[in-house]
Amino acid sequence: MSNNAISSSIGAIRAALESRPDAQITGSQVYSLIESVAPDMNVREIVEIPTGPGALTKFIQLYLPDTLERVGNKGGDILYAIIGHAQQVSGPSDTSSIWRAFVSPGSSATIVFDTNTEKLRLLHKQEQVGDKLVEIPKATNSEHDAIRNDFHITLPQEEAARIQAEVGVNADFQSWIEALKSGFPSVYRAWGIYRRSKLLEVFLERAKLPKLDLKQREDITSQIKASNYAAYEGAKEPKHHDATSATTKRTQQPRLEMLVAEVAAARELVHRAVNLMAHDELRAIKLPLGVVLDALKQRD
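Only a predicted model underlies this, so the values are computations on that prediction, with no experimental measurement involved.

Caption draft 1: Layout of the overall build of the protein. Broken down by element type, the protein carries 13 helices and 6 strands. The contacts in the protein between residues at least 6 apart in sequence include a share of 62% that link residues at least 24 apart. Carbon and sulfur atoms make up 52% of the accessible area of the protein, which totals about 18,000 Å².

Below, the structure written as structure tokens:
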């Protein structure tokens with residue numbers, strides 16, 4: 001990973017940390033945040049600790065010493081304070097609203113980058129775009145349709161045909177979504193992941209405006225990723241001030257449900273890939289012996 005790529009990812013991580021509703025965060029939450037806003041960053045590789053503990057701690061010491069400060073422990077996890085965090089001043093609802101406006105073509109709000117404050121923000125009907133404000137166009141209906149069409153292409157032909165037979169060729173978006181929810185839950189989950197990824201790509205392309213310099217484009221990229229994180233992941237995170245065991249169980253449950261959903265979606269994608277393989281490709285697949293033995297037992 002190049003130094004420029006690392007710097008850009010660190011900026012996105014800082015922006016996401018600043019957008020959190022709480023002024024404290026656990027080590028495991030830091031790791032999840034990094035995976036969300038900087039998925040291409042390999043923390044272990046960067047700090048040269050390929051296995052064992054200490055990689056995240058060293059990463060924070062090297063790259064986030066002015067952002068995170070260790071303040072104690074929470075259960076078996078390290079607890080950090082977010083330095084300079086202005087709680088409730090820029091909560092996730094403020095940050096995520098930028099992303100939500102971007103993905104809503106009908107939104108009345110306009111997304112702008114303020115070159116004075118170097119921040120993305122929303123303008124509403126009564127406000128006008130001034131000289132110091134650079135508009136970031138929202139995703140259009142045609143872009144949404146193109147993403148949906150591209151997603152259909154990734155599906156196995158039989159499954160795509162079943163969906164088309166269920167909702168018709170020219171189904172509106174809402175009817176299509178309802179059909180996926182009720183009749184094709186694994187496809188619906190895969191669609192959510194695909195849509196979020198593709199819309200993020202569209203938003204990141206918007207940051208490449210020629211009227212902005214490199215630093216401003218990097219700032220927008222960091223803030224876009226933070227807004228995306230706040231809209232999806234930040235709202236799922238538990239509050240730190242509720243430390244009872246009951247609250248711990250409640251906050252762990254969404255993570256468990258999310259993990260189960262991700263595993264199910266992954267299995268579904270693997271099944272689709274296998275169905276498309278030729279005989280020689282199938283013979284080249286390497287499987288753990290234990291998995292093969294378990295499969296044989298189930299067949300018997």
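Caption draft 2: Here's a closer look at the sheet that holds strand β4 (residues 110-114). Strand order in the open sheet formed by 3 strands is β5-β4-β6, and the pairing between neighbours is antiparallel. On the outer flanks of this sheet lie β5 (119-123) and β6 (133-135), each paired with one strand and no other. If you compare each strand with its neighbour and ignore which way they point, the axes differ by 40° on average. Relative to β6, β4 is paired through 3 bridges, and the arrangement is antiparallel. Of the residues in β6, the one forming a bridge with Val112 is Glu135.

Caption draft 3: Structural detail: the packing of aromatic side chains. On inspection of all chains with the given rule, the structure shows 10 aromatic pairs. Relative to Phe102, the ring of Trp99 lies with its centre 6.0 Å away and its plane at 40°, an arrangement referred to as tilted. With Trp99 and Phe102 both in helix α5 (residues 92-102) and 3 residues apart, the pair spans about one turn of that helix. The exposure classification of Trp99 matches that of Phe102, with both residues buried. Ring plane angle 85° and centroid distance 5.0 Å describe the contact between Trp176 and Trp191, whose orientation is recorded as edge-to-face. Taken together, the residues span a long stretch of sequence, with Trp176 in helix α8 (residues 173-183) and Trp191 in helix α9 (residues 185-206) at a distance of 15 residues. This pair shows no difference in class: Trp176 is buried, exactly as Trp191 is. A connected cluster of aromatic rings, assembled from ring pairs, spans Phe151, Phe173, Trp176, Trp191 and Tyr194. A cation over an aromatic ring shows up here: Arg148 above the ring of Trp176, its NZ or CZ 5.1 Å from the ring centre.

Caption draft 4: How the structure looks around the pairing of strand β3 (residues 77-82). Within β3, 6 of the 6 residues are buried, which leaves the element mostly enclosed by the surrounding structure. With 3 bridges connecting them, strand β1 (residues 24-26) and β3 associate as antiparallel partners. Across the sheet, the residue bridging to Gln24 is Ala81, located in β3. Count of turn residues in the strand β2 (residues 68-74)/β3 antiparallel hairpin: 2 residues, of which Gly75 carries a positive phi of about 65°.

Caption draft 5: Layout of the pairing of β4. The element β4 is extensively covered by neighbouring structure, given that 4 of its 5 residues are classed as buried. Relative to β5, β4 runs antiparallel, the two being bridged by 5 bridges. The residue of β5 that forms the bridge with Ile111 is Leu122. The turn joining β4 and β5, which pair antiparallel and follow one another in sequence, is formed by 4 residues; a positive phi near 60° is taken by Glu118.

Caption draft 6: Broad picture of helix α6 (residues 141-154). Given a rise of 1.5 Å per residue, 14 residues ought to cover 20 Å, and the 20 Å separating the end C-alpha atoms of α6 matches this to within 8%. Taken together, the buried residues of α6 touch α8 and α9.

Caption draft 7: Representation of the packing of helix α1 (residues 3-18) against helix α10 (residues 214-232) in the model. Running from N to C, α1 and α10 point in directions that differ by 45°, and their axes come no closer than 8 Å. Taken together, the axis directions place α1 and α10 in an arrangement best described as oblique. The two elements α1 and α10 cross, and the hand of that crossing is right-handed. Along its contact with α1, which presents Ser8, Gly11, Ala12, Ala15 and Ala16, the element α10 presents Thr221, Ser222, Gln223, Lys225, Ala226 and Tyr229. Per-class residue counts for the contact of α1 with α10 are 5 nonpolar, 5 polar and 1 charged.

Caption draft 8: The arrangement of the pattern of salt bridges in detail. Per the counting criterion, the structure on display carries 7 salt bridges. Residue Glu201 is joined to Lys198 by a salt bridge in which the shortest nitrogen-to-oxygen separation is 3.8 Å. Taken together, the positions of Glu201 and Lys198, both in helix α9 and 3 residues apart, correspond to about one turn of that helix. The network of salt bridges with shared partners includes Glu118, Lys215 and Asp219.

Caption draft 9: Quick peek at the environment of Ala55. As for its position among the elements, Ala55 is in helix α4 (residues 55-63). When the C-alpha atoms of Ala55 and Arg44 are compared, they prove to be 5.6 Å apart, with 11 residues separating the residues in sequence.

Caption draft 10: Just α8, in detail. Where α8 is concerned, the buried positions are Trp176, Ile177, Ala179 and Leu180. One side of α8 holds all its buried residues, which, seen down the axis, span an arc of 160°. Contact partners of the buried residues in α8: α6, α7 (157-167) and α9.

Conventions and cut-offs
Residues numbered from 1 in each chain as written. Predicted model: local features only at pLDDT ≥ 70, side-chain atom pairs only at ≥ 80, totals over all residues. Heavy atoms only, no water. Helix = DSSP H or I, 4+ residues; strand = E, 2+ residues; numbered from the N terminus. Contact = heavy atoms within 4.5 Å. Areas by Shrake-Rupley, 256 points an atom, 1.4 Å probe, with all protein chains shown as cover. Pairing = 2+ DSSP bridges. Axes fitted to C-alpha atoms, helices over the stretch in contact; angles between N-to-C directions. Phe/Tyr/Trp six-rings, centres within 6.5 Å; stacked < 30°, edge-to-face > 60°. Buried < 20%, exposed > 50% of the residue type's maximum accessible area, 1.4 Å probe, protein only. Lys NZ or Arg CZ within 6 Å of the ring centre and 35° of its normal. Expected span 1.5 Å × (residues − 1). Parallel < 35°, antiparallel > 145°, perpendicular 65-115°, else oblique. Left-handed = near helix turned anticlockwise from the far one by under 90°. Nonpolar A, V, L, I, M, F, W, Y, C, P; charged D, E, K, R; others polar. Salt bridge = Lys/Arg side-chain N within 4 Å of Asp/Glu carboxyl O. Arc of directions from axis to C-beta.

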